Amino acid sequence: MNSEKIGHYIAMKRIQKGLKQHEVAEQLSVTDKTVSRWENGNYMPDLSLLISLANILNTSVYELLLGEDFENTTNTSNIENEIRFLYSLPEEQKIVNFLNKFDTLTYKGCFTEKTMQFNHPMKEHNFYSKEIDARFRVRTSINNEMKKCKISYKRRSENFHNEDINTEEEVEVSIKYNEVDNLLYLLQNVIHMELIECYERRRYIFSNADIEIDVDVYPFMIALEIENKSHNKDPKAVILYYLNLLGLDIKDSYRLSWDDKYHELCQEQDIKEHKEVDFSKEMPRFLNHQFIIKN
């Protein structure tokens, strides 16, 4: 986050409300000097003060952390807000250990996942087209305690490339794990959907009522994904809050999906692309991208 931009925004909103620095300070039980430091971009407001400060300035926490006015998107059960960061494979344990230190997050375990992505049999409904820009997926997740399967349809918003945090439509249905083979038979032999690609990964899951943070270990890189889970808070504000808590900069995020990066790396490193991406095959490498813990 840009502290100078946020400071200018705080000052602008304060002036628009006709408030003096000392009046804002009194309402927050801080000093005039503290408010001045925020507005100069020298310090960030403490996370515990963000909601109160946003209310005083008649703005949202998301806009406050972004440093500009923004038209909020209403969160619904079928809208997913998320952001992801990419790292090299050797960073796996460092990231997991770092997230384990947060008392506010509960570790849900590590799952071995396989995801199969299908396309519509009719060309006019091609999920992979720029007009639709979607994925239809069947995903199995397994660990020592459970086995599960989900069918999902995920579609990027029309404004996807202009957003700083991904907003995507997602509809999920859970089925019994022992029915996966029957499902695949119906998709491929009855509906005649085309299997475009499939991939394996390990997924470490950390969550609470507001957020889910996943460490996805692909055969060629790691993706750290942060997804809003709150139903009554500004979803993008939730994500920005946790970016600040984890010391991550929104400017370092990766906008696209795993398959976009896979294609890009294969092209760069002159490595054959596989329809099935798994840990047994020769893979490109996403090198020299370390997970840096900021104090």
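This structure is a prediction, so every number in the text was calculated from the model and none was measured.

Rules and cut-offs
Residues numbered from 1 in each chain as written. Predicted model: local features only at pLDDT ≥ 70, side-chain atom pairs only at ≥ 80, totals over all residues. Heavy atoms only, no water. Helix = DSSP H or I, 4+ residues; strand = E, 2+ residues; numbered from the N terminus. Buried < 20%, exposed > 50% of the residue type's maximum accessible area, 1.4 Å probe, protein only. Areas by Shrake-Rupley, 256 points an atom, 1.4 Å probe, with all protein chains shown as cover. Lys, Arg positive; Asp, Glu negative; His and termini not counted. Charge placed at Lys NZ, Arg CZ, Asp CG, Glu CD. Salt bridge = Lys/Arg side-chain N within 4 Å of Asp/Glu carboxyl O. pLDDT = per-residue confidence, 0-100. Contact = heavy atoms within 4.5 Å. Patch = residues over 30% accessible without salt bridge, like charges linked within 9 Å, V, L, I, M, F, W, Y side chains within 5 Å. Axes fitted to C-alpha atoms, helices over the stretch in contact; angles between N-to-C directions. Parallel < 35°, antiparallel > 145°, perpendicular 65-115°, else oblique. Left-handed = near helix turned anticlockwise from the far one by under 90°. Nonpolar A, V, L, I, M, F, W, Y, C, P; charged D, E, K, R; others polar.

It is worth spelling out the overall build of the protein at this point. Secondary structure assignment for the protein yields nine helices and nine strands. The dimensions of the protein, computed from C-alpha atoms along their principal axes, are 70 × 40 × 40 Å. The buried share among the 295 residues of the protein stands at 49%. Entry remark: accessible area of the protein is about 15,900 Å², with carbon and sulfur atoms responsible for 46%. Each charge class in the protein can be summarised by its mean position, and for the 38 positive and 50 negative side chains these summaries are 2 Å apart.

Our next topic: the pattern of salt bridges. Pairs can form between side chains of opposite charge once their charged atoms are near each other. Across all of its chains, the model carries 23 salt bridges by this definition. Between Lys-154 and Glu-168 there is a salt bridge; the shortest N-O distance is 3.3 Å. Of the two residues, Lys-154 is situated in strand β4 (residues 147-156) and Glu-168 in strand β5 (residues 166-175); the sequence distance between them amounts to 14 residues. The exposure class assigned to Lys-154 is buried, which follows from its relative accessible area of 12%. Its relative accessible area of 5% is what places Glu-168 among the buried residues. Salt-bridge contacts for Arg-203 lead to Glu-225; the nearest nitrogen and oxygen are separated by 3.7 Å. With Arg-203 in strand β6 (residues 194-207) and Glu-225 in strand β8 (residues 222-228), the pair connects residues that are 22 residues apart, well separated along the chain. The same class applies to Arg-203 and to Glu-225, which are both buried. It is possible to trace a salt-bridge network through shared partners that takes in Glu-80, Glu-82, Arg-84, Glu-113, Arg-139, Lys-154, Glu-168, Arg-201, Arg-203, Asp-214, Asp-216 and Glu-225.

With that settled, the discussion passes to the confidence of the model for the protein. The predicted coordinates ought not to be read in detail in places where the model reports low pLDDT. Residues at a pLDDT of 70 or more form 97% of the protein, whose mean pLDDT is 91. Predicted confidence is poor over residues 72-76, with pLDDT under 50, and the contacts of this stretch with residues over four places away or in other chains come to ten contacts.

A cluster of nonpolar side chains, contributed by Tyr-185, Leu-186, Val-190 and Ile-191, occupies part of the molecular surface with about 400 Å² of accessible area. Looking at the secondary structure, you find Val-190 in helix α7 (residues 180-190).

Orientation of helix α2 (residues 21-28) relative to helix α3 (residues 32-39), taken along the N-to-C sense of each, is 110°, at an axis distance of 8 Å. Classed by the angle they form, the pair α2 and α3 counts as roughly perpendicular. Remark: the crossing between α2 and α3 carries right-handed chirality. Facing Gln-21, His-22, Val-24, Ala-25 and Leu-28 of α2, the residues of α3 in contact are Asp-32, Val-35, Ser-36, Trp-38 and Glu-39. Among the residues forming the contact of α2 with α3, the class breakdown is five nonpolar, three polar and two charged.

This part covers the environment of Val-277. Tracing the backbone shows Val-277 in strand β9 (residues 276-277). On a C-alpha basis, the gap between Val-277 and Tyr-218 in space is 8.6 Å, while along the polypeptide they are 59 residues apart. Sequence-distant contacts of Val-277, defined by excluding residues within four places in its chain, comprise Cys-198, Tyr-199, Glu-200, Pro-219, Phe-220, Trp-258, Tyr-262 and Met-283.

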